[in-house]
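Remarks on the overall topology
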Amino acid sequence: MDQSAPVTARDIDDAAARLAGVAGSTPLHRSPRLSALTGLDVWLKREDLQEVRSYKGRGAYNLIAQLSDDERAAGVTCASAGNHAQGVAYACSRTGVHARIHLPRTTPRQKRERIAALGGSFVDVVVDGDTYDDAAALSRVHAETTGAIPVPAFDDPRTVAGQGTIAAEVLAQLAAQDSAAPDAIVVPVGGGGLLAGVLTHVAEHAPTTRVIGVEPQGAASMTAAVEAGGPVDLADVDPFVDGAAVRKVGAIPFDVVRRHRPDLRVVPEGLVCVEMLALYQADGIIAEPAGALAPAALRLADLGLAPGSTVVCVLSGGNNDVSRYAEVVERALVQEGLKHYFLVDFPQEPGALRRFLDEVLGPDDDITLFEYVKRSNRETGPALVGVELQRREDYEPLMKRMADSALRVELVEPSSPLFRFVQ
Ligand SMILES: Cc1ncc(COP(=O)(O)O)c(C=O)c1O
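All residue numbers here refer to positions counted from 1 along the written sequence of the relevant chain. Local features in this predicted model are restricted to residues of pLDDT 70 or higher, and side-chain atom pairs are both shown and tallied only at a pLDDT of 80 or more, whereas totals for entire chains, interfaces and linings draw on every residue.

1. Description of the overall build of the chain
So the rule is basically this: Counting from the N terminus, the helices are DSSP H or I runs at least four residues long and the strands are E runs at least two residues long. Restricting the calculation to C-alpha atoms gives the radius of gyration, and the globule rule supplies 2.2 Å times the number of residues raised to the power 0.38. Any residue surrounded by 20 or more other C-beta atoms within 10 Å of its C-beta is treated as buried, while 12 or fewer makes it exposed and the intermediate range makes it partly exposed; C-beta atoms here are placed from the backbone.
In terms of helices and strands, the chain carries 17 helices and 14 strands. Computed over the C-alpha atoms, the radius of gyration of the chain is 24 Å, within 12% of the 22 Å expected from 2.2 N^0.38 for a compact globule of 423 residues. Expressed as lengths along the three principal axes of its C-alpha atoms, the size of the chain is roughly 80 × 50 × 40 Å. For the chain, the proportion of its 423 residues judged to be buried stands at 46%.

Now the structure itself:
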């Protein structure tokens, strides 16, 4: 394959043939919950059910399986915050190629352990560097000094073609049940490899299907690239949606996006958490934040899909570390307007706290955080108070009682820097 030529639908068909029996063929499940919630006919492409629990084995295997004998002998290297590394580890154990995988120290333990288990003796894992960029620099040095072949997570036509096999599978699965191509396919976007692959296949085989790319609000690098006319570095990246928190999209995916102009949408991290919990509690599906991005986007008001439209959401991954659920619950409550934080200036006198409880809190309001330090040399002392409400409608009465009380109360807005202290 000429790596400077644009990816074609034919490359994706070839990738699908290469992947047969190795990675791919995940189920397409209808979601009664999301269909009822949105009035659409919603289907989930269950990439969380891959052996590596994300779609990333598709691109990695498609690239590694095409290496020459000399390249295979040189081994491969990559940097990843988790899922791509699992895909590479899996592909290496299937092809017998050796890999050196660089992970930043922030990689969740669950992902580190899975990489080692999937790669076995074919993979050396190096955990070093504070960020993904640091790990990527180390992987580049390894490639330059040893001749190991880099396996890019998204900026390579072989990776893009492998990810595009998802679209081929979706269309075949719908056709097999006598359904037409969907009205829309919704995919998460990190560096843009999955989006580019899906766009390429759909443009050729289902040109009336809309492709909607979804980015986390804290890492909307494809939206930034489209606005700037080319890939640009984001100044700040919120790492919460770790699979899709990419500072700069790939040149190759961007080129595909520039030609096919998909719809792009940005989803707040809190909404991702709301959907992660719904998937877990109602459907029994473990999704990682990036995996829940596409279904979370169905809650946006401006998707522009007619009632009853058939929509396929790519549920791209399920590698969630269980220790993250506490933060997920917290962010979901804030998103739904059920959790609020206040700075309350308490008079330094006996009974002040009791008055706050009696006069300000409603019968169902629950204090979830109270941080207070008594200072004897001042008239008032600030307390940081977290309140969880039973219903969103309880918020206005709570605010009114606060305004009516003699206490000075300041709402801590989720956008304020102080909020990072409580989340
Ligand atoms: C679960 C999951 N979803 C989405 C993405 C974003 O994919 P891409 O970089 O191809 O845009 C990733 C990337 O690692 C991922 O792991």
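Read on, since the account is not over.
2. What to know about the nonpolar core
For clarity, the cut-off: Think of a nonpolar core as buried Ala, Val, Leu, Ile, Met, Phe, Trp, Tyr and Cys residues, each tied to the set through C-beta atoms within 7 Å. An automatic or database domain assignment supplies the residue ranges for each domain. In this description, a residue-residue contact is defined by the distance between C-beta atoms placed from the backbone, which must lie within 7 Å.
Val-88, Val-186, Val-187 and Leu-293 are the most contacted members of the largest nonpolar core, which totals 103 residues. When residues are assigned to domains, this core turns out to be shared by domain 1 (9-17 + 24-53 + 160-331) and domain 2 (56-150), each giving three or more. Filtering out sequence-adjacent residues up to four positions away, Leu-293 remains in contact with Pro-188, Val-214, Pro-216, Val-241, Ala-244, Val-267 and Val-272. Grouped together as the second largest cluster of nonpolar side chains are 10 residues, Tyr-341, Phe-342, Phe-356 and Val-385 included.

3. Let's talk about the pairing of strand E5 (residues 123-127)
Heads up, the rule is: Strand pairing requires that DSSP identify at least two bridges connecting the strands. With strands facing away from the observer, any crossover in which the path from the first strand over the helix to the second runs clockwise is taken as right-handed.
When strand E4 (residues 99-103) meets E5, the two strands line up parallel, connected through five bridges. Paired with Leu-103 across the bridge in E5 is Val-127. Read as a crossover between parallel neighbours, the route from E4 over helix H6 (residues 109-119) to E5 is right-handed.

4. Brief notes about the site of the ligand
The following threshold applies: Near residues are defined by distance alone, with the backbone-placed C-beta atom required to lie within 6 Å of the molecule or strand.
Close to the ligand lie 22 residues; Asn-83, Gly-190, Gly-193, Gly-243 and Gly-317 are nearest. Contributions of two or more residues to the shell around the ligand are made by helix H5 (83-95), helix H9 (193-205) and helix H13 (289-297). The element that contributes the greatest number of residues to the shell around the ligand is H9, accounting for three residues. When we break the shell around the ligand down by domain, the ones giving at least three residues each are domain 1 (9-17 + 24-53 + 160-331) and domain 2 (56-150).

5. Considering the sheet that holds strand E14 (residues 408-412)
This is how it is decided: To define axes, lines are fitted to C-alpha atoms, for helices over the stretch in contact only, and angles between the resulting N-to-C directions are given on a 0 to 180 degree scale.
In spatial order, the strands read E12-E13-E11-E14; together these four strands make up an open sheet with antiparallel pairing. Each edge of the open sheet carries a strand with a single partner, namely strand E12 (366-372) and E14. Between one strand axis and the next, the sheet turns by 25° as a mean value, whatever way the strands run. Pairing analysis gives five bridges linking strand E11 (residues 339-347) to E14, with the strands arranged antiparallel.

6. Quick look at the packing of helix H3 (residues 56-64) against H5
Defined as follows: The cut-offs work like this: below 35 degrees is roughly parallel, past 145 is roughly antiparallel, 65 to 115 is roughly perpendicular, and the gaps in between are oblique. Crossings are classed by handedness, with left-handed meaning an anticlockwise turn of the near helix from the far one by less than a right angle and right-handed meaning a clockwise turn. Each residue is assigned to one of three groups, with Ala, Val, Leu, Ile, Met, Phe, Trp, Tyr, Cys and Pro labelled nonpolar, Asp, Glu, Lys and Arg labelled charged, and all others, Gly among them, labelled polar.
Orientation of H3 relative to H5, taken along the N-to-C sense of each, is 45°, at an axis distance of 8 Å. Relative to H5, H3 is oriented oblique. Once H3 is placed against H5, the crossing between them reads as right-handed. Side by side, H3 and H5 meet where Lys-56, Gly-57, Gly-59, Ala-60, Tyr-61 and Ile-64 of the first sit next to Asn-83, His-84, Gln-86, Gly-87, Val-88, Tyr-90, Ala-91, Cys-92, Arg-94 and Thr-95 of the second. The residue inventory of the contact of H3 with H5, partitioned by class, reads seven nonpolar, seven polar and two charged.

7. A closer look at the domain arrangement of the chain
Looking at the chain, the domain boundaries give domain 1 (9-17 + 24-53 + 160-331), domain 2 (56-150) and domain 3 (337-422). Taking only C-alpha atoms into account, the centre of domain 1 sits 24 Å from that of domain 2. If you look at the interface, domain 1 gives 16 residues, while domain 2 gives 19 residues. When residues in the side of domain 1 that touches domain 2 are grouped by element, the largest group, five residues, is from helix H8 (residues 157-176). Split into classes, the residues belonging to the side of domain 1 that touches domain 2 amount to four nonpolar, nine polar and three charged.

8. Here's the deal with the environment of Leu-118
In this structure, Leu-118 sits in helix H6. Taking the number of C-beta atoms within 10 Å as the measure of exposure, Leu-118 has 23 and is therefore buried. In the structure, Leu-118 is positioned 265 residues away from Ala-383 in sequence and 49 Å away in space, judged by C-alpha atoms. Dropping the residues within four chain positions of it, Leu-118 is found in contact with Val-52, Gln-86, Ala-89, Tyr-90 and Ser-93.

9. Section: the sheet that holds strand E1 (residues 28-30)
An order of E1-E2-E10-E7-E8-E9 is seen for the six strands of this open sheet, with the pairing classed as mixed. Unpaired on one side and paired on the other, E1 and strand E9 (263-267) mark the two borders of the sheet. Strand-to-strand twist of the sheet, defined as the mean angle between neighbouring strand axes without regard to direction, takes the value 25°. Bridge count for strand E7 (residues 184-188) against strand E10 (residues 310-315) is three bridges, and the pairing is parallel. By the bridge assignment for E10, Ile-185 is matched with Val-312.

10. Overview of H6
Heads up, the condition is: Working definition: the arc comes from the directions between the helix axis and the C-beta atoms, pointing outward to the latter.
Along H6, the residues that are buried comprise Lys-111, Arg-114, Ile-115, Leu-118 and Gly-119. Projected down its long axis, H6 carries its buried residues within an arc of 115°, all on one side. Those residues of H6 that are exposed and angled more than 90 degrees off the buried face are Arg-109 and Glu-113. Structurally, H6 contributes buried residues whose contacts are with H5, E4 and E5. One or two positions beyond H6, positive phi appears at Gly-120, with a value near 55°.

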